[in-house]
Amino acid sequence: MNLDFSKIVPSMPFILQGIGVTLEYMLLSALFGLIWGVILSLFKISNNKILNGFAVFYTSIFRGTPLIVMLALIHFAVPQLTGYRIEPIQSGVITFALNAAAYISETIRGGIMSVDKGQREAALSLGVPYRKMMWDIILPQAIKNILPAMVNEGIALLKDTALVSTIGALDLLRRGNLVAAEKYIYFEPLLFVAVIYYAMVMILTGGAKLLERRLRRSD
Amino acid sequence: MINVQNLSKSFGKLDVLHNISVEVKKGEVVAIIGPSGSGKSTLLRCLNLLEVPTQGHVFIKGEEITAPKADTMKIRQEIGMVFQHFHLFPNMTVLENVAYAPINVKKIPKDQARQKALDLLARVGLADKADVYPSRLSGGQKQRVAIARSLAMEPEIMLFDEPTSALDPEMVKEVLEVMKSLAHTGITMAIVTHEMGFAREVADRILFLDGGRLVEDATPEEFFTQPKSERAKTFLEKML
Ligand SMILES: Nc1ncnc2c1ncn2[C@@H]1O[C@H](COP(=O)(O)OP(=O)(O)OP(=O)(O)O)[C@@H](O)[C@H]1O
Ligand SMILES: [Mg+2]
């Protein structure tokens, strides 16, 4: 085995630029996924049978199918149905956000249920409207309980974004593959890509630890 | 002020309250006592619709709150409730706990609400704790904050569900003192309690519940010296 990282040194800036692309997919998906996930979680705890049933069914769809199938469906099937050519950033973010929301909604639902029901009663007895009670009282407490699970969702999302390399986006993995194909060496560029993913996950984990410590301030 | 007519409540097959009728006048302080499981909490919670009565009517200030079109949120703003386990909002400081509902429900300007909250905290002897989080307080302090939080909405009625039962003995007194001073302000109070001495001293009337029925409705003097029912006698023997 003879490894020679010097061969990929000239290509490193090209690969590193993929960090921005990967982050763009991740952050946009996380943002929309979080919003949609919160809404779905509220559906799940609501007394409305239709909303409830919808949210549960929705989650089961994403649990029950490989993400790469969903991505292909949205990226290749939507143009066929609508005649509109969808860009990888669009289909990627839509797919990852829809998928993340399915899992996030489950996590948030659990977090909300774990908040002492006395909190709800205290808020109700003060006449606090449902929506304010949720945003100001229940969710802030739920978030503390679910932060570790949410960080895991974020890590999963970051790694899932590598799937966009299959629909032509120039993310980290695709760039690694391009360099590999161009130079006929696989180990060096792909190992470099793997190290970058690992570093990103470690930074994310560290950031979450800091955040958690701040949130624990009130205990 | 409070008028309960033929109130019954069941949880599924379990009948918890049977046909309770009672009236509480403005400024009156009533103590609700009775054995565990007799339905005291449930009765109290029917008064601010934390539980919805299965049958019967509840009127607050002449308005039927059990009417289908009643504005539950509005009603609850006028009725404060203090719980056995305080239920302070742990994600807010003491001051924020007290000022939250006035600012967010009554839409009172922030400065004014905070000033009011500080005054109330001073009244319950906790002005110096305004900026700490509830987790830093003792049980008695938490309960006094909870009382201040309810009072901040300027309710005409205060409901207390065993406010001292979760407290260490040495903290019971500080909470009872606050409640005693409150009783003299003309606010209408309904208090579920096992503190017989307190009930006797502070209440204008005693409601004795047993097995979901209102067995006695008497002055403290009558109730504690010559209870009419056997059940009250047995209960008092155990308690005193
Ligand atoms: N949400 C509920 N669902 C089902 N049963 C309930 C519910 N709340 C109360 N009960 C039952 O109703 C009965 C009366 O309860 P309640 O809490 O009103 O009694 P209590 O007099 O306050 O008792 P304690 O002194 O122990 O607090 C009990 O048998 C209780 O198990
Ligand atoms: Mg009770």
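Residues numbered from 1 in each chain as written. Chains lettered and ligands numbered in written order. Predicted model: local features only at pLDDT ≥ 70, side-chain atom pairs only at ≥ 80, totals over all residues. Heavy atoms only, no water.

Here we take up the sheet that holds strand 3 (residues 29-33) of chain B. The pairing of strands in a sheet happens through backbone hydrogen bonds and is either parallel or antiparallel. Residue and element names in this part refer to chain B. Strand order in the open sheet formed by six strands is 6-7-8-3-9-10, and the pairing between neighbours is mixed. What marks the edges here is a single partner per strand, and that holds for strand 6 (79-82) and strand 10 (213-218). The mean inter-strand angle of the sheet, taken between neighbouring strand axes irrespective of direction, is 15 degrees. Direction of pairing for strand 3 relative to strand 9 (residues 205-210): parallel, over a ladder of four bridges. Bridge pairing in strand 9 links Ile32 to Leu207. In the packing of helix 1 (residues 40-47) onto the sheet, contacts are made with strand 3, strand 6, strand 7 (157-161), strand 8 (188-192) and strand 9, and the angle to strand 7 comes to roughly 155 degrees. With respect to the sheet, helix 6 (residues 169-183) is in contact with strand 3, strand 7 and strand 8, its orientation differing from that of strand 8 by roughly 150 degrees. (Pairing = 2+ DSSP bridges. Helix = DSSP H or I, 4+ residues; strand = E, 2+ residues; numbered from the N terminus. Axes fitted to C-alpha atoms, helices over the stretch in contact; angles between N-to-C directions. Contact = heavy atoms within 4.5 Å.)

Below, the discussion takes up the interface of chain A and chain B. Across the boundary between the two partners, chain A contributes 20 residues, which contact 26 residues of chain B. Between chain A and chain B the total buried area reaches about 2000 Å² when both faces are included, carbon and sulfur atoms providing 59% of it. Applying the counting rule to chain A against chain B returns one salt bridge. For Glu121(A), the salt bridge identified is with Arg45(B), shortest N-O distance 2.7 Å. Summed over the shared surface of chain A and chain B, the number is five residue pairs in polar contact (both at pLDDT 80 or more). At the level of elements, helix 5 (117-125) and helix 6 (130-160) of chain A are the ones that each hand at least two residues to the side of chain A that touches chain B. Here the element with the most residues in the side of chain A that touches chain B is helix 5 of chain A; it accounts for seven residues. (Buried area = accessible area lost by both parts, 1.4 Å probe. Salt bridge = Lys/Arg side-chain N within 4 Å of Asp/Glu carboxyl O. Polar contact = N/O pair within 3.5 Å; in protein donor to acceptor, adjacent residues only side chain to side chain.)

In this section: the packing of helix 3 (residues 67-82) of chain A against helix 4 (residues 88-113) of chain A. All names here are of chain A. Interaxial distance between helix 3 and helix 4 falls to 9 Å at its minimum, and their mutual angle equals 135 degrees. Taken together, the axis directions place helix 3 and helix 4 in an arrangement best described as oblique. Taken as a pair, helix 3 and helix 4 cross one another with a handedness that is right-handed. Contacts between helix 3 and helix 4 involve Leu67, Met70, Leu71, Ile74 and His75 on the former and, on the latter, Pro88, Ser91, Gly92, Ile94, Thr95, Phe96, Leu98 and Asn99. (Parallel < 35°, antiparallel > 145°, perpendicular 65-115°, else oblique. Left-handed = near helix turned anticlockwise from the far one by under 90°.)

Per the UniProt record, the feature "domain: ABC transmembrane type-1" (unreviewed entry) sits at residues 19-208 of chain A. With 83% helix and 0% strand, residues 19-208 of chain A has end C-alpha atoms that lie 19 Å from one another. (UniProt positions renumbered as here; feature names shortened; annotations may be inferred.)

Turning our eyes to something else, we now look at the UniProt feature "domain: ABC transporter" (unreviewed entry) in chain B. This chain's UniProt record puts "domain: ABC transporter" (unreviewed entry) on residues 2-236 of chain B. The span residues 2-236 of chain B is 37% helix and 26% strand, and its two end C-alpha atoms sit 27 Å from each other.

To continue, consider the pattern of salt bridges. All names here are of chain B. Inspection of every chain in the model, using the stated rule, returns 18 salt bridges over all chains. A salt bridge links Lys61 to Glu78; the nearest nitrogen and oxygen atoms lie 3.5 Å apart. Of this pair, Lys61 sits in the loop between strand 4 (55-60) and strand 5 (63-64) while Glu78 sits in the loop between helix 2 (72-77) and strand 6, and the two are 17 residues apart along the sequence. Judged by relative accessible area, Glu78 falls into the partly exposed class, the value being 26%. When the shortest N-O distance is used, the salt bridge between Arg205 and Asp217 registers 2.9 Å. Linking Arg205 in strand 9 with Asp217 in strand 10, this pair joins segments that are twelve residues apart in sequence. One continuous salt-bridge network, built from bridges that share partners, spans Lys26, Lys61, Lys74, Glu78 and Glu156. (Buried < 20%, exposed > 50% of the residue type's maximum accessible area, 1.4 Å probe, protein only.)

Quick look at a nonpolar patch on the surface now. On the surface, Leu3(A), Phe5(A), Phe187(A), Leu191(A) and Val195(A) cluster together to form a nonpolar patch covering roughly 400 Å² of accessible area. Structurally, Phe187(A) is set in helix 8 (residues 187-215). (Patch = residues over 30% accessible without salt bridge, like charges linked within 9 Å, V, L, I, M, F, W, Y side chains within 5 Å. Areas by Shrake-Rupley, 256 points an atom, 1.4 Å probe, with all protein chains shown as cover.)

Residue and element names in this part refer to chain B. With respect to spatial proximity, 13 residues lie near ligand 1, and among them Ser36, Gly37, Lys40, Ser41 and Thr42 are the closest. For ligand 1, an oxygen atom lies 2.8 Å from a polar atom in the side chain of Lys40. Taking Glu162, its side chain carries an N or O atom lying 3.2 Å from an oxygen atom of ligand 1. When contributions to the shell around ligand 1 are tallied by element, the ones reaching two or more residues are strand 2 (14-24) and helix 1. No other element matches the three residues that helix 1 contributes to the shell around ligand 1. (Near = heavy atom within 4 Å.)

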